[in-house]
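# Report on the structure
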Amino acid sequence: METISEVRAFGGTQGVYTHASEVCGCDMTFAVYMPPQAKDGPVPVLWYLSGLTCTHENAMTKGGLQEHAAECGLAIVYPDTSPRGDDVANDEAYDLGQGAGFYVNATEGPWAPHFQMESYVTDELRALVLSEFAVLDQHGVTGHSMGGHGALTLALKYPDLFQSVSALSPIANPSASDWGRKQLGAYLGGDETSWQAHDASCLLKKKGWKSDILVDQGASDQFLELLKPESLAGALAETRTPSTFRMQTGYDHSYFFVSTFGRDHVLWHAERLIGGW
């Protein structure tokens, strides 16, 4: 691991790092915010997964989560959204290829050699963070849009790895949406039944969740037809999963929405990972 930058923020440190990923077969960049409490001992980790076209940098600079993490003593990890580089497959469209990994392990060419984001987040980067930073093996996961999809699906698939999960405007039913069918078909092939293992609405019905879930969705989001929040709300109700699902009047899909409700999500995870919030 190499340090690209480290700056002071809210009494803690916001760093950006790079490492050679064996899983993705290329160099990967990620960011970690360490709160001031980490000086006194290891702290729990909140993973923030970003959306289409984003890198590690978007939420790091626009989400405003560091102040809230410093308040309650959580580290925040911001992975990239895909492998990158001249030798990594790409597409001219913004919603496929680099910047659009969808947090799955691709099985189809030309994506399979590099696009292994599911294993990258849940295995390789997790192990690196645990070994290189003063963090506990206690993890929550959240994310926005494609990252909200990633947060929900990875938590539902790997409940032993995550103690808490929330999402902001997640792609809630990708196997039935143009934000999903295109990408899952490209990365995983034409067998649509296999796509359901990467669909939060389907996974919730099949696997359930061990605790509660927080979801915020902008009621004026310009992408509601692609996100399909009603599918996730229905799955939460059908499975009787303890949950808070909030349609936020007047809010769209932007980072203004994320930064407005980011504090709620950070403190929600802190309550479940630390207690007392």
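To keep things clear, this report deals only with the structure shown in the data block. What you are looking at is a predicted structure, and each value in this text was computed from that prediction instead of being measured. (Residues numbered from 1 in each chain as written. Predicted model: local features only at pLDDT ≥ 70, side-chain atom pairs only at ≥ 80, totals over all residues. Heavy atoms only, no water.)

### Concerning the overall build of the protein
Selection criterion: Only runs of H or I of at least four residues qualify as helices and only runs of E of at least two qualify as strands under DSSP, and these elements are numbered from the N terminus. For the radius of gyration, the atoms used are the C-alpha atoms, and the globule rule reads 2.2 Å times the number of residues raised to 0.38. Accessibility here uses a 1.4 Å probe with only protein chains present; expressed as a share of the type maximum, an area under 20% marks a residue as buried, one over 50% as exposed, and anything in between as partly exposed. Note on contacts: a residue pair qualifies if any of its non-hydrogen atoms lie within 4.5 Å across the two residues.
Counting secondary structure elements, the protein contains 10 helices and nine strands. Taking 19 Å as the expected radius of gyration for a compact globule of 277 residues, we find that the protein reaches 17 Å, a close match to that expectation. When each of the 277 residues of the protein is scored for burial, the buried share is 57%. Sequence-distant contacts in the protein: of pairs separated by 6 or more residues, those separated by 24 or more amount to 71%.

### Topic: the sheet that holds strand S5 (residues 75–79)
Under the convention used in this document: What makes two strands pair is DSSP finding at least two bridges between them. Helix axes use the C-alpha atoms of the stretch in contact, all axes being lines fitted to C-alpha atoms, and the angles between their N-to-C directions lie in the range 0 to 180 degrees.
Across the sheet, which stays open at both edges, the nine strands sit in the order S1-S2-S3-S5-S4-S6-S7-S8-S9 with mixed pairing between neighbours. Either end of the sheet is taken by a strand with one partner, and the two such strands are strand S1 (2–9) and strand S9 (243–248). Pairs of neighbouring strands in the sheet enclose a mean axial angle of 20°, with direction left out of account. Bridge analysis of strand S7 (residues 164–168) against strand S8 (residues 213–218) gives four bridges, and the strand direction is parallel. From the neighbouring strand, Leu168 faces S8, where its bridge partner is Asp216.

### Some points on the pattern of salt bridges
For the record, the criterion: Any carboxyl oxygen of Asp or Glu within 4 Å of a side-chain nitrogen of Lys or Arg constitutes a salt bridge here.
For the structure shown, the criterion picks out 11 salt bridges. Here Asp264 and Arg246 are joined by a salt bridge, their closest N and O atoms 2.9 Å apart. Note that Asp264 is positioned in helix H10 (residues 255–273) and Arg246 in strand S9, a separation of 18 residues in sequence. Residue Asp264 is classed as partly exposed on the basis of its relative accessible area of 33%. The partly exposed category is assigned to Arg246, whose relative accessible area is 26%. Each of Asp212, Glu271 and Arg272 takes part in a single network of salt bridges with overlapping partners.

### Observations concerning the nonpolar core
Note that soluble globular proteins tend to have their nonpolar side chains buried in a common cluster. Put simply, the rule is: Put simply, a nonpolar core is a bunch of buried Ala, Val, Leu, Ile, Met, Phe, Trp, Tyr and Cys residues held in one set by side-chain atoms that sit within 4.5 Å of each other.
Core analysis: the biggest nonpolar cluster contains 60 residues, and Phe30, Trp47 and Tyr187 have the highest contact counts within it. Sequence-distant contacts of Trp47, that is, excluding residues within four places in its chain, are made with Val77, Pro79, Val121, Leu125, Arg126, Val129, His139, Gly140, Val141, Thr142 and Phe162. Residues Ala9, Val16, Ala31 and Phe257 belong to the second largest nonpolar core, which totals 25 residues.

### Concerning the state of the cysteines
As a reminder, the rule being used: Criterion for a disulfide: a pair of cysteine sulfur atoms at a distance within 2.5 Å.
Throughout the structure, instances matching the rule amount to zero disulfides. The thiol of Cys26 is not disulfide-bonded; the next cysteine sulfur, from Cys24, is found 5.4 Å away.

### As for the environment of Pro79
Mapped onto the secondary structure, Pro79 falls in strand S5. As for Pro79 and Trp47, which are separated by 32 residues in sequence, their C-alpha atoms are 8.0 Å apart. Non-local contacts of Pro79, meaning those with residues more than four positions away in its chain, are made with Thr29, Phe30, Trp47, Tyr48, Leu49, Thr55, His56 and Leu125.

### Regarding the packing of aromatic side chains
Filter applied, for reference: Stacked, tilted and edge-to-face are the three classes assigned to paired rings of Phe, Tyr and Trp, where Trp is represented by its six-membered ring and a pair needs centres within 6.5 Å; plane angles under 30 degrees give stacked, over 60 edge-to-face, the rest tilted. Whether a charge sits over a ring comes down to the Lys NZ or Arg CZ being within 6 Å of the ring centre and within 35 degrees of the ring normal.
All told, the structure shown has 10 aromatic pairs when counted by the stated rule. Seen from their ring centres, Tyr17 and Phe133 are 5.2 Å apart, and the 70° between their planes marks the pair as edge-to-face. Of this pair, Tyr17 sits in strand S2 (residues 12–21) while Phe133 sits in the loop between helix H3 (117–132) and strand S6 (135–143), placing them 116 residues apart in sequence. The burial state of Tyr17 is the same as that of Phe133; both residues are buried. Seen in terms of ring centroids, Trp179 and Phe223 are 4.8 Å apart; in terms of plane orientation they differ by 40°. Their pairing is tilted. In this pair, Trp179 is assigned in helix H5 (residues 178–188) and Phe223 in the loop between S8 and helix H8 (224–227), connecting sequence segments 44 residues apart. You can call Trp179 buried: its relative accessible area is 5%. Through a chain of ring-to-ring contacts, the aromatic side chains of Tyr17, Phe30 and Phe133 assemble into a single cluster. The positively charged end of Arg126 is found above the aromatic ring belonging to Phe162, 6.0 Å away from the centroid.

### Here's the deal with unusual backbone geometry
Of the consecutive residues Gly109 and Pro110, the connecting peptide bond is found in the cis state with omega at 0°. With respect to the helices and strands, Pro110 occurs in the loop between S5 and H3. Look at Phe10: it is not a glycine, yet its phi comes out positive at around 50°. On the secondary structure map, Phe10 appears in the loop between S1 and S2.

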